[in-house]
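Examining the three-dimensional arrangement
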Amino acid sequence: MSVLRIAVSVLLLFLFLSSVHANELVPINIAVEFTDHAASAYIAKQKGWFEKEGIKPTFFNYVTGMALASALGRGDIQVAYMCLLPAINAYANAKVPIKIVAGTHEHGYALVVNPEKIKNIKDLERPDITIGAVQVGGPVDAILRKTIEKFRLDDTKILKKVQRMNPPVQIMAIRMGKLDASFVPEHWPSLAEDAGFRVMLKSQDMWPNMQGSVLVVKEELIKNHPEIVKKLIRITAKATDWMKKNKKEAADIMAEQMKITGEKIFPVEAAQVASKLEITPKTMLRSMERLDYKMDIDHKKVEEAVAFAYSNGYIRTKIEAKDILDLRFLNER
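Residues numbered from 1 in each chain as written. Predicted model: local features only at pLDDT ≥ 70, side-chain atom pairs only at ≥ 80, totals over all residues. Heavy atoms only, no water.

Let us look at the packing of aromatic side chains. Within the structure shown, the criterion is met by 6 aromatic pairs. Where W207 meets F308, the ring centres are 5.3 Å apart and the plane angle is 45 degrees; that geometry is what we call tilted. Of the two residues, W207 sits in the loop between α10 (203-206) and β10 (211-218) while F308 sits in helix α16 (residues 299-311), which places them 101 residues apart along the sequence. Taken individually, W207 and F308 each receive the classification buried, so the pair is uniform in this respect. Three or more aromatic residues joined by ring pairs form one cluster here, namely Y42, F50 and F59. Positioned above the aromatic ring of F59 is the side chain of K45, whose terminal nitrogen or guanidinium carbon lies 4.9 Å from the ring centre. (Phe/Tyr/Trp six-rings, centres within 6.5 Å; stacked < 30°, edge-to-face > 60°. Helix = DSSP H or I, 4+ residues; strand = E, 2+ residues; numbered from the N terminus. Buried < 20%, exposed > 50% of the residue type's maximum accessible area, 1.4 Å probe, protein only. Lys NZ or Arg CZ within 6 Å of the ring centre and 35° of its normal.)

Next up on the list: the pattern of salt bridges. Pairing of side chains with opposite charge becomes possible as their charged atoms draw close. Enumeration according to the criterion identifies 19 salt bridges in this entry. Across the pair R286 and E193 runs a salt bridge, and its minimum N-O distance is 2.9 Å. Note that R286 is positioned in helix α15 (residues 281-288) and E193 in helix α9 (residues 188-194), a separation of 93 residues in sequence. In this structure E193 comes out as partly exposed when scored by relative accessible area, which is 22%. With its nearest N and O atoms 2.8 Å apart, the salt bridge here joins D326 to R328. (Salt bridge = Lys/Arg side-chain N within 4 Å of Asp/Glu carboxyl O.)

Okay, the packing of helix α5 (residues 84-92) against α16 next. Between α5 and α16, whose axes approach to 10 Å, the crossing angle comes to 65 degrees. The handedness of the crossing between α5 and α16 is right-handed. Listed contacts from α16 to L84, L85 and I88 of α5 are K301, V302, A305, V306 and A309. Of the residues assigned to the contact of α5 with α16, the class counts are 7 nonpolar, no polar and 1 charged. (Axes fitted to C-alpha atoms, helices over the stretch in contact; angles between N-to-C directions. Left-handed = near helix turned anticlockwise from the far one by under 90°. Contact = heavy atoms within 4.5 Å. Nonpolar A, V, L, I, M, F, W, Y, C, P; charged D, E, K, R; others polar.)

Before going further, it helps to spend a moment on the environment of I222. Tracing the sequence through the fold places I222 in helix α11 (residues 219-224). Here I222 falls in the buried class, since its relative accessible area comes to 8%. Put simply, I222 and I98 are 124 residues apart on the chain and 9.5 Å apart in space, counted from C-alpha to C-alpha. Setting aside chain neighbours within four positions, we find I222 in contact with K99, V101, V217, V229, D326, R328 and F329.

Glancing now at the sheet that holds strand β9 (residues 198-202). Hydrogen bonds between backbone atoms are what pair the strands of a sheet, whose relative direction is either parallel or antiparallel. Strands sit in the order β7-β6-β8-β5-β9 across an open sheet of 5 strands; the sheet is mixed. For this open sheet the edge positions go to β7 (162-164) and β9, each flanked by a neighbour on one side alone. Averaged over all pairs of adjacent strands, the angle between strand axes in this sheet comes to 30 degrees, irrespective of strand direction. Bridge count for strand β6 (residues 131-133) against strand β8 (residues 181-185) is 3 bridges, and the pairing is parallel. Bridged to I131 within β8 is A181. On the sheet, helix α6 (residues 139-150) packs against β5 (109-113), β6, β7, β8 and β9 and is oriented at approximately 135 degrees with respect to β8. Contacting β5, β6 and β8, helix α8 (residues 167-175) runs over the sheet at an angle of about 150 degrees to β8. (Pairing = 2+ DSSP bridges.)

Assignment of secondary structure puts S203 in helix α10. Here the side chain of S203 touches H107 through a polar contact of 3.0 Å, side chain to side chain. In this structure, S203 is in contact with H107, G108, Y109, I143, P208 and M210, ignoring residues within four places of it in sequence. (Polar contact = N/O pair within 3.5 Å; in protein donor to acceptor, adjacent residues only side chain to side chain.)

As a further point, take α8. Taking burial as the measure, the 9 residues of α8 include 7 buried ones, the bulk of the element. Capping the start of α8 is the job of one residue whose side-chain oxygen sits 3.1 Å from the backbone nitrogen of V169: N166. Following α8 by one or two positions, G177 adopts a phi angle in the positive range, close to 75 degrees.

Written out as structure tokens, the structure reads:
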């Protein structure tokens, strides 16, 4: 074989390998909450929009935002769709090097009650009333505390009897008659309604314009692969726009995604419990309509959340919104 033919063969091989490498999907580990708060991520996953942007996502699902925040310190998680307050906790307390690059929705939390036992908000103080809520430090606990403050309830009477449970356990407790009131994030209030409870208060009533969830990335991803961050924002924006225009189909997708994900994340011994929590597209649609899905995020809203977290002891070190925000890619859209 002549030198020229060898050179051509080597060149063709190089071009082939370069082409294969260029067409390879970039693996990205994404943490998401097991709620319709992360609807844009679930829908983009179902539609294959990550792959179309050259990303191969691996989803890690968590039942609560606080559980996700605890796991965010893992080195292999690069992206998260999570509630704002847990993100602030992870940054300020655990020193996880993250940045919020976009919002995903506002609101999405509620107080649901047994209408036969609770007629007004003051009934929460009664010793015979049982109350459930998610862990301290998250947005649900924030709504609980704002409810106490706004209605001048006795915090000693209320907080000492609050049972800290994750949302699916609360819903099962409701079905079993073990809880009279429950502070939970959507889609769980809508499931509680299906069990006969009613929504007494929504986050809109307690915290106007409350920033719900955000898109978070590790700082090293911004530094080493800013193009991936841009793609993630583009994917999230596409999913957000699509589901706002196709609400019924979006609810159908989310109901199916919750079923599939629930079968994976609930332990074997809880399979029977999980099967009783199946959410219908109708219920999911009602739930999703209570959230305002939008990617724009106001610096002042984050500052307000940081101040609340610090004043209520969620975070030990006071930070500023600018410390955790990086909106340059969002503003470039």
